[in-house]
Amino acid sequence: MTYSYTQISHYLSCPRRYRHRYLDGWQEKDNRASMLFGRAFEQALAALFRREDPAGVLFQQWSLCKDMGLTYSGNDTWDRMLQQGVQLLERFAQDSLVRIHQPQRHQQIQFRKTVAGRNDFVSYIDAIGELDGIKCVLEWKTTSARYPEEPVGISALDPQLICYSWMSGIDEVAQVVFVRKRLVEVQYLRATINHEQRQEFAALVEDTVHRIESGLFLPHSGIRFPQNPCTSCSFIGLCLGKQHLVDAALVHKPGVDLGLFDELIY
């Protein structure tokens, strides 16, 4: 088996959801505007570091999604998201805080480890470069709301950043958060991941893989106030036996999905 951070995260949040997604062949429909815009924006970022036309790449990639019947959040529209994306690219270029040397090699980098015997664990890291002159793992995020910055260093608790540090062996990590709002903003959130955190994450992966291979996929139902993860889960129709909810959110692709490309953004 080949595992990824996304698979481990899905299993820990709800083993039944993991079974639906990776073993039974159900997948979420790719019609969320925010998700597809994020993919298009990251391709534009890659073009920026290759000294190509990032705005042109964003327009080209985002145009492919224009007639897909996307689901938009809040006041978002195709045109508004494009405008925000161009503004964010300009703001990021003006800040000039991030450097990526040899961008053809140091963007969307695959890392692979052997876990729990003969299994592979794969990660695709957005980039390795420098933020304010300090070498670090870089993760791009697009969002409509700012990420928390207090207390200082809170990003060090982000499990995906810990995963990337473990896979790459690099202590310094950073999230570059592109905030889509009326006045766009770029956040630079840096953190240091220590050896103990990496070892704990490695143990978590080993333990989770063993649990997956044991074949137990008990549901983690969550419909109690104030946290209601089931209500926002795309797989709720399967758990409730409601076919109209299944048809609205999921597509079925028979066969086991090994999840090899889960972490590959584009």
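What counts, and at which threshold
Residues numbered from 1 in each chain as written. Predicted model: local features only at pLDDT ≥ 70, side-chain atom pairs only at ≥ 80, totals over all residues. Heavy atoms only, no water. Axes fitted to C-alpha atoms, helices over the stretch in contact; angles between N-to-C directions. Helix = DSSP H or I, 4+ residues; strand = E, 2+ residues; numbered from the N terminus. Parallel < 35°, antiparallel > 145°, perpendicular 65-115°, else oblique. Left-handed = near helix turned anticlockwise from the far one by under 90°. Contact = heavy atoms within 4.5 Å. Nonpolar A, V, L, I, M, F, W, Y, C, P; charged D, E, K, R; others polar. Disulfide = S-S within 2.5 Å. Buried < 20%, exposed > 50% of the residue type's maximum accessible area, 1.4 Å probe, protein only. Polar contact = N/O pair within 3.5 Å; in protein donor to acceptor, adjacent residues only side chain to side chain. Core = buried A, V, L, I, M, F, W, Y, C linked by side-chain atoms within 4.5 Å.

Engineer: What should I look at first to understand the packing of helix H4 (residues 54-63) against helix H5 (residues 78-95) in this one?
Structural biologist: To characterise two packed helices, one gives the angle between the axes of the helices and the distance between these axes. Relative to each other, H4 and H5 sit at 155°, their axes nearing to 10 Å. It follows that H4 is roughly antiparallel to H5 by the angle criterion. The element H4 and its partner H5 pack so that their crossing is right-handed. Touching Pro-54, Ala-55, Leu-58, Phe-59, Trp-62 and Ser-63 of H4 are Trp-78, Met-81, Leu-82, Gly-85, Val-86 and Leu-89, all from H5. Grouping the amino acids of the contact of H4 with H5 by side-chain chemistry returns ten nonpolar, two polar and no charged.

Engineer: Sorry, what's going on with the environment of Val-186 here?
Structural biologist: With respect to the helices, strands and loops of the structure, Val-186 is situated in strand S8 (residues 185-192). Residue contacts for Val-186: discarding those within four places in its chain leaves Leu-88, Arg-91, Phe-92, Asp-95, Val-176, Val-177 and Phe-178.

Engineer: Quick question: what am I supposed to make of the state of the cysteines here?
Structural biologist: Note: disulfide means a covalent bond formed between the sulfur atoms of two cysteine side chains. Counted according to the given criterion, the structure contains zero disulfides. The thiol of Cys-230 is unpaired, and the distance to the nearest cysteine sulfur, on Cys-14, comes to 6.5 Å. Of the cysteine sulfurs around Cys-239, a residue in no disulfide, the closest is that of Cys-14, at 6.2 Å.

Engineer: When you look at the environment of Gly-129 in this model, what are you seeing that I'm missing?
Structural biologist: Along the polypeptide, Gly-129 turns up in strand S5 (residues 119-131). Sequence separation between Gly-129 and Met-68 is 61 residues; the distance between their C-alpha atoms is 35 Å. Those residues in contact with Gly-129 that lie beyond four places of it in its chain are Arg-99, Ile-100, Ile-134, Lys-135, Cys-136 and Leu-138.

Engineer: What is the right way to read the environment of Ser-165 from this model?
Structural biologist: When you line up the elements, Ser-165 lands in helix H6 (residues 159-168). Residue class for Ser-165 comes out buried when judged on its relative accessible area of 0%. C-alpha of Ser-165 to C-alpha of Arg-16: the two residues are 149 residues apart in sequence and 28 Å apart in space. Contacts of Ser-165, omitting those with residues within four sequence positions, involve Ile-170, Asp-171, Val-173, Ile-193 and Arg-198. Among the polar contacts listed, one links the side chain of Ser-165 to the side chain of Arg-198, at a separation of 2.9 Å.

Engineer: I would appreciate a short explanation of the nonpolar core in the present structure.
Structural biologist: When a protein is soluble and globular, its nonpolar side chains tend to lie buried together. Counting 31 residues, the largest nonpolar core has Tyr-18, Phe-121, Cys-163, Trp-166, Phe-201, Val-205 and Val-209 as its most contacted members. Taken together, the elements giving at least two residues each to this core come down to helix H1 (5-13), helix H2 (15-23), strand S4 (107-115), S5, H6 and helix H7 (195-213). The element best represented in this core is H6, accounting for six residues. For Val-209, the contacting residues outside a window of four places in its chain are Tyr-3, Ile-8, Val-115, Ala-116 and Asn-119.

Engineer: When you look at the packing of H1 against H7 in this model, what are you seeing that I'm missing?
Structural biologist: Running from amino to carboxyl end, H1 crosses H7 at an angle of 65°, the nearest separation of the two axes being 10 Å. Viewed along their axes, H1 and H7 adopt a mutual orientation that is roughly perpendicular. Our pair here, H1 against H7, has a crossing hand that is left-handed. Across from Tyr-5, Ile-8, Tyr-11 and Leu-12 in H1, the residues of H7 making contact are Phe-201, Leu-204, Val-205, Thr-208, Val-209, Arg-211 and Ile-212. Residues belonging to the contact of H1 with H7 are distributed by class as follows: nine nonpolar, one polar and one charged.

Function cannot be inferred from these measures alone, as they are strictly geometric.
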